[in-house]
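# Fold and geometry: a report
One-letter residues, chain by chain:
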Amino acid sequence: MTDPLSLLDTLTKQFAARADEYDRSAAFPAADFDDLFATGLHAPTVPPEHGGLGLGPRCGDTYTLWAMTRKIAAADLALARCWEGHANSLLLIDALGTPEQRERWFDGIVHRGHKWVAWSGEPRPLGTTVTRVDGGWKVRGRKGFATSATGADWAILLVDPAGPGGARHAGSDDTVLMLACDLCDSSVRVDNSWWDPVGMRATASHVVEFDDTFIPDANQIGPPGAYLTQHWQAAFLPHYAASFLGAADALADYATNSVLRSGKDDDPYVQHRIGAISVAVESAELWLRHVAALWDAWQVDEARVAGVRARHAVEHLALAVLDNCVRVCGARSLIRPSPVERIMRDLTFYVRHDNDDRLLATVGKAALGREHDVSFGRR
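Residues numbered from 1 in each chain as written. Predicted model: local features only at pLDDT ≥ 70, side-chain atom pairs only at ≥ 80, totals over all residues. Heavy atoms only, no water.

Under an unreviewed UniProt entry, the chain has the name Acyl-CoA dehydrogenase family protein and belongs to Kutzneria chonburiensis.

### Remarks on the packing of helix 3 (residues 30-38) against helix 5 (residues 77-96)
Our working definition: Note on geometry: axes are lines fitted to C-alpha atoms, helical ones only across the stretch in contact, with angles between N-to-C directions running from 0 to 180 degrees. Helix numbers and strand numbers start at the N terminus; a helix is a DSSP run of H or I with at least 4 residues, a strand a run of E with at least 2. An angle below 35 degrees is read as roughly parallel, one above 145 as roughly antiparallel, one from 65 to 115 as roughly perpendicular, and any other as oblique. Working rule for handedness: look at the near helix, and if it is turned counterclockwise from the far one by less than a right angle, call the crossing left-handed; if clockwise, right-handed. Every residue pair with non-hydrogen atoms within 4.5 Å of one another is taken to be in contact. Only Asp, Glu, Lys and Arg are considered charged in this grouping, and only Ala, Val, Leu, Ile, Met, Phe, Trp, Tyr, Cys and Pro are considered nonpolar; every other residue, Gly among them, is considered polar.
Between helix 3 and helix 5, whose axes approach to 10 Å, the crossing angle comes to 50 degrees. Considering their axes alone, helix 3 and helix 5 lie oblique with respect to each other. Viewed along their axes, helix 3 and helix 5 form a crossing whose handedness is right-handed. Mapping the contact onto sequence places Asp 32, Phe 33 and Leu 36 in helix 3 and Leu 79, Cys 82, Trp 83 and His 86 in helix 5. Class assignment for the residues of the contact of helix 3 with helix 5 results in five nonpolar, one polar and one charged.

### Brief notes about helix 10 (residues 300-329)
Heads up, the condition is: Multiplying one less than the number of residues by 1.5 Å gives the expected span of a helix. We call a residue buried when its accessible area falls under 20% of the maximum for its residue type, exposed when it is over 50%, and partly exposed in between, using a 1.4 Å probe and counting protein chains only.
Counted at 1.5 Å a residue, the expected span for helix 10 with its 30 residues is 44 Å, and the 42 Å between its end C-alpha atoms agrees. Judged by how many residues are buried, helix 10 sits mostly within the fold: 21 of 30 residues are covered. Trailing helix 10 by a residue or two, Gly 330 shows a phi angle of about 85 degrees, which is positive.

### Concerning the pattern of salt bridges
We count it as follows: Salt bridge criterion: a side-chain nitrogen from Lys or Arg within 4 Å of a carboxyl oxygen from Asp or Glu.
This model, assessed by the stated rule, comprises 29 salt bridges. With a closest N to O distance of 3.0 Å, Arg 112 and Asp 107 form a salt bridge. In this structure, Arg 289 and Glu 285 form a salt bridge, with 3.0 Å as the shortest nitrogen-oxygen distance. Placement of the pair is Arg 289 and Glu 285 together in helix 9 (residues 268-296), with a separation of four residues, close to one helical turn. Given a relative accessible area of 42%, Arg 289 falls into the partly exposed group. Here the salt bridges do not stand alone but share partners, grouping Asp 23, Arg 336, Glu 341 and Arg 345 into one network.

Structural data, given as structure tokens:
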């Protein structure tokens, strides 16, 4: 088939043109996902034998997946977050699903455009309780930061029978379940009264409520604890960094074009900041290529720790690009319809997705040979 990156180039202008309206209305970017499906890009991490593109850490072509995310993020960072959640969920199904689950769910994704996401977050006072019943589980409670809440068809719920907390705050690594929930179930309700953030508005990350939602055993993905004990979050951390880099790409293009249009390219201070932007973007790309190569060689332990380092490094590189862009372009760049205004809000909000202090502490623990958690830095 045609190179997916080339196919994506035909779509990103449309994504960028829609981004402002999706941001203002805090609406899920449904038309963008329709375009991805129509162009054959909707199943990036589904193996080719199931009709997908066969990208990502399990398929031996990790960088192409992250390069796609980077391009999408350059057009709309909020869209990229929704896309990441979808692509990462499909990877989990491929890695941990049964043959029957892969056949069933991949068919819906490839042929009907089903959208997936994984939800773990249960910030206080939210939380879920999970009760064992005949033939499955019942989920009651609320998930917060539920990305794509008004757009997804299916969600992988990371829940803990031991009590509320999701994966990030689980009491034990070996109890957390991954339960695939059909979001058409009448017991699932989206509460859109809470999601009114400064940035990443179009991710539609509302609170979702579950009123004794039944999840059959056939929808449990992998054994209890698999997400944490197999450290799957470590495979997704550098994917987030790919989105940060895409935002930095958009800022770099805006700054360069602004300087050339205004004739400021002879100013040595401007040259200094454009040079810093160029170095930061290239450095971030090198980090992602390095981690992707480790995954493709299936050097898993090295890839996990390198992914944490990359996630930390690229956050700071992207924020440096943002600062230099605004200093070069001035306050005018922060007034709509300039995309810099939206990118600033989205990027500074999105990098809060993980606690960078904990990430850096994890890097330090690894360097010192101490016990460390490459998923959420909880120890």
